[in-house]
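# Notes for the structure review
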Amino acid sequence: MPRIRVEVDGVTYEDDVEPRLLLVHYLRDRLGKVGTPIGCDTTNCGACTVLLDGTSVKSCSVLAVQADGRGITTVEGLGIDGTLHPMQRAFHEEHALQCGFCTPGMIMASIDLLRENADPSEGEIREGLEGNLCRCTGYQNIVRAVRRAADEMREPARQRPEVAP
Amino acid sequence: MNGREMGKARRRSEDARLVTGKTQWTDNVQLPGLCHVVFLRSPHAHARITQVNVEAAKGRPGVVGVFSGRDFADEQGSLPCAWPVAEDILIPDHPPMAVSEVRYVGEPVACVVARDLYTAVDALEDIDVDYQPLPAVTDMERALRQSTDLVHGDFGTNQSYRLVVESGDVDAAFRDAPVTIQRRYVQQRLIPTAMEPRAVVCRPVGEEFTMWSATQVPHILRLMLASVTGIGEHRLRVIAPDVGGGFGSKLQVYGEEVLLLLLARRLGRPVKWTESRSEGNLTVHHGRDQIQRLTLAAEADGRIRGFKVDVLADMGAYLMLLTPGVPTLGAPMFNGIYKMDAYSFTCTGVFTTKMPTDAYRGAGRPEATFGIERMMDELAAELRLDPLEVRRRNWIRHEEFPFTTITGLTYDSGNYEAATDKALALFEYDKLRAEQADRRERRDTVQLGIGVSTYTEMCGLAPSRALAQVRSAAGGWEHATVRVLGTGKVEVVTGTSPHGQGHATAWAQITADALGVPFDDVKVLHGDTLVAPRGWDTYGSRSVTIGGVAIHNACQKVVDKARRIAAHLLEAAETDLEYAGGSFSVKGMGGEGASMTLAEVAEATLSAHDFPEGVEPSLDSDATFDPENFSFPHGTHLCAAEVDTETGFVRIRSYVAVDDVGSVVNPLIVDGQVHGGLAQGIAQALYEEAVYDADGNLTTTTMADYLVPSAADLPTFVTDRTETPATSNPLGVKGVGEAGTIASTPAVVNAIVDALRHHGVRDVPMPCTPERVWRALRAAFLEEPEEPGGARPGAAGGLGPVRGGRE
């Protein structure tokens, strides 16, 4: 079995894994990182989205061995010392979640969206989140939350703790 | 009640764990010795099982057990149907795991229990099943016409039941009617698609069992597990932890839940099963699936004389918990908000070799609302009236409430005029009509249509005696316990079981107002039969109107108990005490010793050192609320759709929803419910369809084929409210969970048809994909009627969201 070395939410792990083991199963079943859920088996829903070296990936379509030597951020690794990441805060403030099952993936994809485009229009947010499905909110408040987080994250004057990514 | 919290847009207390990943989904449960279960499922729509060989699979390393249906035949019982709608209904046996015959693709045939998921999946390959194929039955109308290809051979028919409800003189209403309109509409089959797939964990402890399940109905599940397996209800504990959406699909007692219990008992080990999405599309109960034949008779001025409804409802292969009842919820609803002289409703339940249908958001009411709201537009077109004008001439006017409808329901309150006026103003109706006329004039390739839906619905599914009248086995009440702890903090135990609705927040708001305590001092407990032993759970937009009111009533009892104690301690008469802001005070007296807070009463109650004679030292109170009537939210939805006549592509340009859900506990949550409801209703109109081929194979097993819309496929909604309080409960609240879904589907289809009607298009079958819109237009141009159902459903459910169409 191949041995991998990964950093997940700031902790380094070294494990022997089956070559076919999916990254999301490695995170959930081997590391206990159950904050990242699984919503489908065809990479359509995006519930399992995490950041791999800062870029969003659907962890159900990445093999654990492909993550060897790389850094992973899950929703559990956002924020510092109990402070929410601005995106998490925005989702709460704008009521951008109901059942919350898509939320970890939605938040991670939204963070990556703002990394690529710090000031997206509503249309750009909708297109940018096309790979993440939500069944509860009709997306209206998710779009608002991403806009709100974008405004907050672009505001340079306020003192905030630096947050991943 | 001082109203500090009611109506406040509180951010939800649930969110803290949900945005940080500190959640308790059933699939997150880990236990020592936990084994994983996977199911082998039928690849045939209909076949006799002649042999199942599990020996090779059993020999694999890591495999704990392999079982076929035969191994559980003596103990697995039959899955329950709690709504036998007619005396002579045919209800087939429904073994959780098939023993001798399979009747839909995906039916469980065998299962593997192994130390981990990968090992279990590998072992499935080693199970051999011999099938002798039988005819698939996939078309309802054909299923009824013949008696050779039967889903259940013993029955001699594919008809499960036929229910007829009639009111008024239907023949007289249709005789010599100046206008008669006849239409056939198809409510396509849908897959509810909660984002969290089903998951079940069962742990045996001696002769007792704890089950975690991604369910909406822990109480019903516990009761039914006991009745199906014979295990005492008191030996079963069911926990619904964080549940990731349901929309009716988790209002069920699934075979997998029964089997996990039996596996845990047989193996003496904890077991877990989590479905894959593809497995879920096949085997989570489906929704809708009706053929409606509707006939409306009207006067020349548009006033409705009579309405005849004839529904064929696809049951699928078996009758699950509410399968036969769901389409019959249309019986009192096809008349909508309108007055008429006569009405008839006939519903025929038909067996096919497909996954059973059951409740999906709205459950029977979206189908009915679609039928009447499409017909109102057809009537308007026939009479060349504005669709809103024809509605105005028929709807119940606000001064006529309470109003007993042709179907015998009494609508307690409403104001259709006010909701419509507000919607028209937000929508800029006249401006859009002018643009529509201009585009027609210019023969623009993109035409504009305006769709109207003025809906009401019945929700709450109570009182209990009304459920008895329609032969439902369920009760309609809800239970609450309010406990005041010694420190004055409050625990509220509710029988509702939220899975995204925000009860922890909204119930705390109701409690905070009723007791006058701070919001943060209230903790809501739910979803575990050990913690919240009594209740009927969450479905049918019942939670706030029944469960929320039960909490309010329990709080009143707490105050009544506290009043006696406070009177004793303040040395005043009970009648001289007033309670406000969480504090008792002696009327007309101020200063020290003239008042005490609920917390102080609670502290005195805990010690009970100085207590009135004959009073039990407890403030805790229960309330069980069974309302006198359903609640009837209503509203006016307006949709403007641009339809590209060259490609068939539909774009929703604007959508206005003005809903009246009575008094509002939390507007943030209400808006969220409406948004999500709209998305699902619009998805039925434009994108989603569960497609079975002629052999009974589901071809939409993945999210690539079954098109749940993304953010890019939906517009921004404009939502607003009118507030006409319900008179059937002390809070004035009405349900909101299903309203958006019920209202929006006909609004969208009416808009599409309105855009194309001048081309001769009278209908576009759902989902209105580019291909279907284009075919409807072509058929109208050629004046050749399309085959019923229009374009054949494609493997990808019609490729709805593809930009620009396919042709």
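Keep in mind that what you see is a predicted model, and the values were worked out from it rather than measured.

### Digging into the overall build of chain A
Looking only at helices and strands, chain A has five helices and five strands in total. Helices and strands in chain A line up, N terminus first, as β-β-α-β-β-β-α-α-α-α. Its C-alpha atoms give chain A a radius of gyration of 16 Å, within 12% of the compact-globule value 15 Å for 165 residues. Along the three orthogonal principal directions, the C-alpha set of chain A runs to about 45 × 35 × 25 Å. Going through the 165 residues of chain A one by one, you find that 55% of them count as buried. Counted over contacts in chain A with a minimum sequence separation of 6, partners at least 24 positions apart contribute 62%.

### Observations concerning the overall build of chain B
Helix and strand counts for chain B come out as 20 helices and 28 strands. Against the 2.2 N^0.38 benchmark of 28 Å for 807 residues, chain B shows a C-alpha radius of gyration of 28 Å, consistent with a compact globule. Principal-axis analysis of the C-alpha atoms gives chain B an extent of 90 × 75 × 50 Å. Looking at the 807 residues of chain B, the share that counts as buried comes to 60%. Contacts in chain B between residues at least 24 apart in sequence constitute 80% of all its contacts with a sequence separation of at least 6.

### Re the pairing of strand β25 (residues 621-625) of chain B
Residues and elements named next belong to chain B. In β25, alternate side chains face the same way, and those of S621, A623 and F625 are buried while those of D622 and T624 on the opposite face are not. Here strand β19 (residues 478-484) pairs with β25 via five bridges, running antiparallel. Across the sheet, residue T481 finds its bridge partner in β25, namely D622.

### Topic: the interface of chain A and chain B
Put simply, an interface is often sized by how much accessible area is lost when its parts join up. Contacts between chain A and chain B engage 44 residues on the former and 40 residues on the latter. Breaking the side of chain A that touches chain B down by element, the ones donating at least two residues are α2 (86-93), α3 (103-116), α4 (122-128) and α5 (140-154) of chain A. Taken together, the residues of the side of chain A that touches chain B break down into 21 nonpolar, 16 polar and seven charged.

### Some points on the sheet that holds strand β21 (residues 522-525) of chain B
All names here are of chain B. Spatial strand order, β21-β20-β19-β25: four strands in an open sheet with mixed pairing. Among the strands making up the open sheet, the edge pair consists of β21 and β25. Each adjacent strand pair in this sheet contributes to an overall mean axis angle of 20 degrees, direction not counted. The pairing of β19 with strand β20 (residues 490-494) spans five bridges and is antiparallel. Bridging from a neighbouring strand, V482 pairs with V492 of β20. Each of β19, β20 and β21 touches helix α15 (residues 503-515); the most contacted strand, β21, lies at about 130 degrees to it.

### Some details on the environment of V661 of chain B
Residue and element names in this part refer to chain B. Topologically, V661 is positioned in the loop between β27 (650-660) and α18 (667-686). Residue class for V661 comes out buried when judged on the 29 C-beta atoms lying within 10 Å of it. Between the C-alpha atoms of V661 and R4, which are 657 residues apart in sequence, the distance is 20 Å. Residues within four places of V661 in sequence aside, it is in contact with P633, V670, R721, K734, G735, V736 and A739.

### Some thoughts on the environment of T23 of chain B
Here T23 of chain B shows up in the loop between α1 (15-18) and β1 (35-41). Classification of T23 of chain B by C-beta neighbours within 10 Å gives buried; the count is 23. If we ignore the near neighbours within four places in the chain, the residues touching T23 of chain B are G35 and G100 of chain A together with R17, L18, N28 and D242 of chain B.

### Points about the nonpolar core
Residues and elements named next belong to chain B. Counting 306 residues, the largest nonpolar core has V748 and I752 as its most contacted members. Here the element with the most residues in this core is helix α16 (residues 543-570); it accounts for twelve residues. Not counting chain neighbours up to four residues away, the residues in contact with I752 comprise G449, A641, V643, V650, V764, C768 and V773.

### Focus on the packing of α15 of chain B against α16 of chain B
The description of two packed helices rests on the angle between their axes and on the distance between the axes. Residue and element names in this part refer to chain B. Viewed as axis vectors pointing N to C, α15 and α16 meet at an angle of 35 degrees, and their least axial separation amounts to 9 Å. Considering only the axes of α15 and α16, their crossing is right-handed. From α15, H503, A506, W507, I510, T511, A514 and L515 reach across to α16, where they touch S543, V544, G548, I551, H552, C555, Q556, V558 and V559.

### With respect to helix α10 (residues 365-383) of chain B
With 19 residues, α10 of chain B extends 27 Å between its outermost C-alpha atoms, agreeing within 8% with the 27 Å of an ideal straight helix rising 1.5 Å per residue. Among the residues trailing α10 of chain B, R384 of chain B stands out with phi positive, at a value near 55 degrees.

### Focus: the sheet that holds strand β5 (residues 71-73) of chain A
Residue and element names in this part refer to chain A. Ordered by their spatial adjacency, five strands build an open sheet running β2-β1-β5-β3-β4, and the pairing between neighbours is mixed. Each of the sheet's edge strands pairs with one partner strand only, and the pair in question is β2 (11-16) and β4 (55-58). Each neighbouring strand pair of the sheet contributes to a mean axis angle of 35 degrees, computed without reference to strand direction. Pairing analysis gives six bridges linking strand β1 (residues 3-8) to β2, with the strands arranged antiparallel. Paired with R3 across the bridge in β2 is D16. Where α3 meets the sheet, it contacts β3 (49-52) and β4, and its direction lies at approximately 40 degrees from that of β3.

### Examining the pairing of β1 of chain A
All names here are of chain A. Side chains of β1 alternate between two faces, with I4, V6 and V8 buried and R3, R5 and E7 left unburied. The antiparallel pairing of β1 with β2 creates a hairpin that spans two residues between the two strands, and D9 there sits at a positive phi of about 50 degrees. Bridge analysis of β1 against β5 gives two bridges, and the strand direction is parallel. From the neighbouring strand, E7 faces β5, where its bridge partner is G71.

### Let's talk about the UniProt feature "domain: Aldehyde oxidase/xanthine dehydrogenase a/b hammerhead" (unreviewed entry) in chain B
The UniProt record annotates "domain: Aldehyde oxidase/xanthine dehydrogenase a/b hammerhead" (unreviewed entry) at residues 20-135 of chain B. Structurally, residues 20-135 of chain B comprises 10% helix and 30% strand, and the distance from its first C-alpha atom to its last is 51 Å.

### A word on unusual backbone geometry
Residue and element names in this part refer to chain B. Of note, the bond from A462 into P463 is cis; its omega dihedral lies within 30 degrees of zero at 15 degrees. Considering the arrangement of structural elements, one finds P463 in the loop between β18 (446-456) and α14 (464-469). Here M766 and P767 are connected by a cis peptide whose omega angle stands at -10 degrees. For P767, the location among the structural elements is in the loop between α19 (739-756) and α20 (770-782). With a phi angle near 55 degrees, D176 is a residue other than glycine that sits in the positive phi range. Tracing the backbone shows D176 in the loop between α5 (170-174) and β8 (179-190). In this model, A363 sits at a positive phi of 40 degrees, which is unusual for a non-glycine residue. Exposure remark for A363: the 29 C-beta atoms within 10 Å place this residue in the buried category.

### Considering the confidence of the model for chain B
Residues and elements named next belong to chain B. Mean pLDDT over chain B works out to 95, with 97% of the residues at or above the 70 mark. Per-residue pLDDT stays below 50 along residues 795-807; that stretch engages in 42 contacts with residues further than four places along the chain or on separate chains. Predicted complex metrics record ipTM = 0.95 and pTM = 0.95.

### Considering the environment of T12 of chain A
Residues and elements named next belong to chain A. Note that T12 resides in strand β2. For T12 and R70, which are 58 residues apart along the polypeptide, the C-alpha to C-alpha distance reads 10.0 Å. Residues contacting T12, with those up to four places away along its chain left out, are R5 and E7.

### Considering the packing of α3 of chain A against α5 of chain A
All names here are of chain A. Relative to each other, α3 and α5 sit at 45 degrees, their axes nearing to 11 Å. Taken together, the axes of α3 and α5 lie oblique to each other. The chirality of how α3 crosses α5 is right-handed. Residues M106, S110, L113 and L114 of α3 pack against I142, V146, A149, A150 and M153 of α5. Its residues assigned to classes, the contact of α3 with α5 shows eight nonpolar, one polar and no charged.

What counts and how
Residues numbered from 1 in each chain as written. Chains lettered and ligands numbered in written order. Predicted model: local features only at pLDDT ≥ 70, side-chain atom pairs only at ≥ 80, totals over all residues. Helix = DSSP H or I, 4+ residues; strand = E, 2+ residues; numbered from the N terminus. Rg over C-alpha atoms; globule rule 2.2 N^0.38 Å. Buried ≥ 20, exposed ≤ 12 C-beta atoms within 10 Å, placed from the backbone. Contact = placed C-beta atoms within 7 Å. Pairing = 2+ DSSP bridges. Nonpolar A, V, L, I, M, F, W, Y, C, P; charged D, E, K, R; others polar. Axes fitted to C-alpha atoms, helices over the stretch in contact; angles between N-to-C directions. Core = buried A, V, L, I, M, F, W, Y, C linked by C-beta atoms within 7 Å. Left-handed = near helix turned anticlockwise from the far one by under 90°. Expected span 1.5 Å × (residues − 1). UniProt positions renumbered as here; feature names shortened; annotations may be inferred. pLDDT = per-residue confidence, 0-100. Parallel < 35°, antiparallel > 145°, perpendicular 65-115°, else oblique.

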